[in-house]
Amino acid sequence: QVQLVESGGGLVQAGGSLRLSCAASGVTFGNYAMGWFRQAPGKEREFVSAISWSGGTLYYADSVKGRFTISRDNAKKTVYLQMNSLKPEDTAVYYCAARPSFGVPGRDRNEYNYWGQGTQVTVPS
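Since we're looking at a predicted model, the values are computed, not measured.

Q: Which parts of the structure should I look at to understand the state of the cysteines?
A: As used here, a disulfide is simply a covalent bond connecting the sulfur atoms of two cysteines. Following the criterion strictly, the structure yields one disulfide and no others. There is a disulfide in this structure between C22 and C96, and the S-S distance comes to 1.9 Å. Here the disulfide of C22 and C96 is right-handed, its torsion about the S-S bond being about 45°. Of this pair, C22 sits in strand β3 (residues 18-25) while C96 is found in strand β9 (residues 92-100), placing the two residues 74 residues apart along the sequence.

Quick look at the structure:
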């Protein structure tokens, strides 16, 4: 049974930082590309960042490039999203996702097989 559990969300003032974590179980973590997506109220779930199985390929949405950093620790079966210089428009539920892949990680949510339950990030305006 594949399980992804996000943590680290919360309320932070604009300009602040948060670090999200996503712990995986029930998978051979090193065989999976991992992604972060987010969904704001009334909007579709959108791509934020993705990382290949080895950590060698990283993708970011233009809206977070230069502010967010994705990383992974295969020994701990965990993927991270360091979020700096947070803005009110970053407010959303953040989800991690996994897809079995030794290729490039995907930006399309439909490519991912497994999802976490999400963690709320709120940046008041």
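Still more ground to cover, so stick around.
Q: Quick question: what am I supposed to make of the sheet that holds strand β8 (residues 78-83) here?
A: Paired through their backbone hydrogen bonds, the strands of a sheet run either parallel or antiparallel. Taken together, four strands build an open sheet; the order of strands is β1-β3-β8-β7 and the sheet is antiparallel. For this open sheet the edge positions go to β1 (3-7) and β7 (68-73), each flanked by a neighbour on one side alone. The average undirected angle you get between the axes of adjacent strands in this sheet is 15°. Here six bridges tie β7 to β8, and the two strands are oriented antiparallel to one another. In the strand pairing of β8, S71 is matched with Y80.

Q: What is the right way to look at the packing of aromatic side chains in this model?
A: For any two aromatic rings, the description comes down to two numbers: the centre-to-centre distance and the angle of the planes. For the coordinates displayed, the defined rule picks out six aromatic pairs. With a centroid separation of 5.3 Å and 75° between ring planes, the pair formed by F37 and Y112 is classed as edge-to-face. Of the two residues, F37 is situated in strand β4 (residues 32-39) and Y112 in the loop between β9 and β10 (114-115); the sequence distance between them amounts to 75 residues. As far as burial versus exposure is concerned, F37 and Y112 are alike and both buried. With a centroid separation of 5.3 Å and 80° between ring planes, the pair formed by W53 and F102 is classed as edge-to-face. One end of the pair, W53, is in the loop between β5 (46-51) and β6 (58-60); the other, F102, is in the loop between β9 and β10, with 49 residues separating them in the sequence. Taken together, F37, F47, Y112 and W115 form an aromatic cluster joined through their ring pairs.

Reading guide: rules and limits
- Residues numbered from 1 in each chain as written.
- Predicted model: local features only at pLDDT ≥ 70, side-chain atom pairs only at ≥ 80, totals over all residues.
- Heavy atoms only, no water.
- Disulfide = S-S within 2.5 Å.
- Helix = DSSP H or I, 4+ residues; strand = E, 2+ residues; numbered from the N terminus.
- Pairing = 2+ DSSP bridges.
- Axes fitted to C-alpha atoms, helices over the stretch in contact; angles between N-to-C directions.
- Phe/Tyr/Trp six-rings, centres within 6.5 Å; stacked < 30°, edge-to-face > 60°.
- Buried < 20%, exposed > 50% of the residue type's maximum accessible area, 1.4 Å probe, protein only.

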